[in-house]
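Below are the chains, spelled out letter by letter.
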Amino acid sequence: MADLSINFAGIKAPNPFWLASAPPTNSGYQVMKAFDAGWGGAVWKTLGVPVVNVSSRYGSVNYGGRRMAGFNNIELITDRPLADNLREIEEVKKYFPDHAVIASLMVESRAEWHQIIKDCENAGVDGLELNFGCPHGMCERGMGSAVGQEPEVLKTIVEWVKEVATTPVITKLSPNISHIVDPGRAGVMGGTDALSLVNTFKSIVGIDLDSYAPYPEVDGSGSNGGYCGPAVKPIALNMVKELAQDAITKNTPISGIGGIENWRDVVEYILLGCGSVQVCTSVMHYGFGIVREMEAGLHQFMDDKGYNTIEDFKGKALPNVKEWKDLNLKHKVVAEINDEKCIGCELCYIACEDGAHQAIGLSEVNGSRVPHIIEDNCVGCNLCSLVCPVDECITMVKRDDGTAHITWAERTANNDIPTTFDDKRAGGIGHYVPEPSLALKNGRPKK
Ligand SMILES: Cc1cc2nc3c(=O)[nH]c(=O)nc-3n(C[C@H](O)[C@H](O)[C@H](O)COP(=O)(O)O)c2cc1C
Ligand code: SF4
Ligand code: SF4
C-alpha cells in the first residue's frame, strides 16, 4: 500500500491532509478529535492579541441544490487567550507527537513576532504559519491582507520571523492581489521555508432585500468578508500553478488551500505541485469524517497509478499547463451524441444555438425531436457536452490525425498571423454563420 506520509519543508506528518487555520482548529479538543479521525496535521486558529468578534459571522452562496458552494466569513483571529491555546497545543503534542501542529500567527511589531514565536515553539509546535491573508477586520488594523498586499512589508516581517524561528516557517498568502507571484517571491526572498495559499477572497455574498444589508448581517449592517469553499478552488489552483512554475518560487514547498472537499481535489493540488493540503469549509460543512474518503481515495489513486509516495506524482501536471500561445492549433475535436443515452431534453440544442455555433440540428424521429451534430459547424467548444445532463452522452471525439502541429507562437515567428481587421488568415474565415434575418421566426421583429 502507498505511503502517504510527508516531510513538508521539514515538518513531518503521517499524511498530507491538514486542517487550515480556522474554526475547526480553534481548540485542543477539536484538533485531537480531528487527528483521531485521521487528519495528519492542523494549523491552529491564528494566534495573536485576542479579538472581539461580531454576531452573526457567516454567509453563503447556495447554488442550485448545493448549500455553501461558496462560504463567507467576517470572523477575526482567535478570541481566546494565548496561554490557553499554548497549554492545549502542548497537550495535543503529547498525545500526537507524530502529527503536525502548526501555529498560525498574526501580530504587529517585531518584538511581538519574536515573543509569540518563542512561546509557540516552547509549547512544542512543529512549524509556524504567518497569516498575511485576512481580508477583513485585521487588515484595517494594518495586519492580514494589508501585509499580503505589500510584498516589501511581507518580506520584512518574514525576515523578522526568521531571525528567531527554529521551526519551519510557512508564509500564507492573500489571494487579494493581481499577481500572486509578487508576494510569493517576497516571502522567498525573506527566507520563508514554504508558502501556503489561498486565504479568503474579499467578498460580499449577497444583500438582504428587506434590510438592504449585506450578509452576514450585524444589527442592520454588514461588512465585506472572506470568501472560500468549493467556488474558489479554480482560482486557487491557478495561483498555486503560478507559484509552482515561477523561477524564484518553484523550489519552495507549497501547501494548497481552497475548496478542497474530496480526494480528487487533493490529487489535483498535488499534481500542481503542492506537498500538503489544508481544508476549512468542507470540514465546517461535513465534519472531520470527510478525511476517511480522502485517505481511501488517495490510496486507491496511488495504487492504481503505481505511486509509492506523494513525491512520486507531485507537480506531474505542471508540464501540461502551458501558455495559450504554445497550444496546438491543429488539434480538432467535434461533439458526438450517443443516441441511446439521449433523453431528448434539447439543452444541448439550445446552448449551441444561442450560446455557441448553431452546430446542432433537430430531426423528427418517430414523432420526437432528436438532436444531431452538424460537424461542419462544430468548432469543438465543449459547451453541449458540459450542459448535457446525461453522463457520457455527448463526448468530444478527435478529428485530426495527430500529424499536424502549429502553435500561435510558431505562426507568429513565421509571420503567419492575422494582422489587419479583414485578414484572410482569421480563424473564422469560411466558417458557417447564419444570416441575421434567419433569427426572426416570422421574418420580422416581435412587436
Ligand atoms: C470562518 C473562517 C475563519 C477563518 N479564520 C482564519 C484564521 O484565523 N487564520 C487564517 O490563516 N485563515 C483563516 N481562514 C481561512 C482558511 O484557513 C482558508 O485559508 C480558507 O477558508 C480557504 O480554504 P477552504 O476553501 O477550505 O475554506 C478562515 C476561514 C473561515 C471560513
Ligand atoms: S461542441 Fe460547441 S459548437 Fe460543437 S456542437 Fe457542441 S456546442 Fe455546438
Ligand atoms: S443535452 Fe444530452 S440528453 Fe439532452 S438532448 Fe442533448 S444530447 Fe440529449
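See above for the structure.
Residues numbered from 1 in each chain as written. Chains lettered and ligands numbered in written order. Predicted model: local features only at pLDDT ≥ 70, side-chain atom pairs only at ≥ 80, totals over all residues. Heavy atoms only, no water.

1. Here's the deal with the environment of Leu 318
Among the structural elements, Leu 318 can be located in the loop between α10 (290–305) and β15 (333–337). Using a relative accessible area of 15% as the deciding quantity, one classes Leu 318 as buried. Residues Leu 318 and Thr 192, spaced 126 residues apart in sequence, show a C-alpha to C-alpha distance of 23 Å. If we ignore the near neighbours within four places in the chain, the residues touching Leu 318 are Lys 241, Ala 244, Gln 245, Leu 271, Leu 272 and Gly 273. (Helix = DSSP H or I, 4+ residues; strand = E, 2+ residues; numbered from the N terminus. Buried < 20%, exposed > 50% of the residue type's maximum accessible area, 1.4 Å probe, protein only. Contact = heavy atoms within 4.5 Å.)

2. A look at unusual backbone geometry
Keep in mind that most residues, glycine aside, have a negative phi and that most peptide bonds are trans. A cis amide bond links Ser 55 to the next residue, Ser 56, at an omega of 5°. With respect to the helices and strands, Ser 56 occurs in the loop between β4 (41–47) and β5 (58–63). Of note, the amide linkage connecting Tyr 215 to Pro 216 takes the cis form, showing an omega dihedral of -10°. Among the secondary structure elements, Pro 216 is positioned in the loop between β11 (201–203) and β12 (225–228). A positive phi angle, near 60°, is found at Tyr 212, a position not held by glycine. Summarising the element assignment, Tyr 212 is placed in the loop between β11 and β12. Residues other than glycine seldom take positive phi values, yet Glu 392 does so here, at roughly 60°.

3. Remarks on helix α11 (residues 347–355)
Given 3.6 residues per helical turn, the α-helix brings residues three or four places apart onto the same face. For α11, every residue scored as buried is listed here: Cys 348, Ala 351 and Cys 352. Relative to the axis of α11, the buried residues are bounded by an arc of 90° and lie together on one face. Among the structural elements, β16 (360–365), β17 (368–373), α12 (383–387) and β18 (394–398) are those in contact with the buried residues of α11. (Arc of directions from axis to C-beta.)

4. Structural notes on the site of ligand 1
Close to ligand 1 lie 23 residues; Ser 21, Thr 46, Gly 229, Gly 259 and Thr 281 are nearest. Residue Lys 172 places a side-chain N or O atom 2.9 Å away from an oxygen atom belonging to ligand 1. In the complex, the protein chains occlude 99% of the 610 Å² of accessible area that ligand 1 would expose alone. Elements supplying a minimum of two residues to the shell around ligand 1: β4 and β6 (66–73). Classifying every residue of the shell around ligand 1 gives 10 nonpolar, 10 polar and 3 charged. (Near = heavy atom within 4 Å. Polar contact = N/O pair within 3.5 Å; in protein donor to acceptor, adjacent residues only side chain to side chain. Areas by Shrake-Rupley, 256 points an atom, 1.4 Å probe, with all protein chains shown as cover. Nonpolar A, V, L, I, M, F, W, Y, C, P; charged D, E, K, R; others polar.)

5. Observations concerning the sheet that holds strand β7 (residues 100–105)
In spatial order, the strands read β3-β4-β7-β8-β9-β10-β13-β14; together these 8 strands close into a barrel with parallel pairing. Each strand axis lies, on average, 25° off the axis of its neighbour in the sheet, ignoring direction. For β7 and strand β8 (residues 127–131), the ladder comprises 4 bridges, and the chain directions are parallel. Bridged to Ile 102 within β8 is Gly 127. Where helix α2 (residues 82–95) meets the sheet, it contacts β4 and β7, and its direction lies at approximately 170° from that of β4. Along the sheet face, helix α3 (residues 110–123) touches β4, β7 and β8 and points at about 160° away from the line of β7. (Pairing = 2+ DSSP bridges. Axes fitted to C-alpha atoms, helices over the stretch in contact; angles between N-to-C directions.)

6. Things to note about the packing of aromatic side chains
Enumeration over the complete set of coordinates arrives at 9 aromatic pairs. For the pair Phe 35 and Phe 96, a centre-to-centre distance of 5.3 Å together with 70° between the ring planes defines the contact as edge-to-face. A residue pair is termed long-range when its members are at least 10 positions apart, and Phe 35 in helix α1 (residues 28–37) and Phe 96 in the loop between α2 and β7 qualify at 61 residues. A relative accessible area of 4% places Phe 35 in the buried class. A centroid spacing of 6.2 Å and a plane angle of 45° characterise the contact between Phe 301 and Tyr 307, whose relative ring orientation is tilted. (Phe/Tyr/Trp six-rings, centres within 6.5 Å; stacked < 30°, edge-to-face > 60°.)

7. Examining the site of ligand 3
Surrounding ligand 3, one finds 13 residues, the nearest of these being Cys 342, Cys 345, Glu 346, Cys 348 and Cys 388. When its residues are assigned to classes, the shell around ligand 3 shows 11 nonpolar, 1 polar and 1 charged.

8. A look at the pattern of salt bridges
Within the structure shown, the criterion is met by 21 salt bridges. The shortest N-O distance in the salt bridge between Lys 233 and Glu 268 comes to 2.6 Å. Linking Lys 233 in helix α7 (residues 233–245) with Glu 268 in helix α8 (residues 263–271), this pair joins segments that are 35 residues apart in sequence. On the accessibility criterion, Lys 233 (14% relative accessible area) is buried. On the accessibility criterion, Glu 268 (31% relative accessible area) is partly exposed. Close ionic contact of Glu 346 with Arg 369 constitutes a salt bridge, the shortest N to O distance being 2.9 Å. Remark: Arg 369 occurs in strand β17 and Glu 346 occurs in the loop between β15 and α11; sequence separation between them is 23 residues. Taken together, the shared-partner salt bridges in this structure form one network comprising Arg 411, Asp 416, Asp 423 and Arg 425. (Salt bridge = Lys/Arg side-chain N within 4 Å of Asp/Glu carboxyl O.)

Honestly, it's all geometry; don't read function into it.
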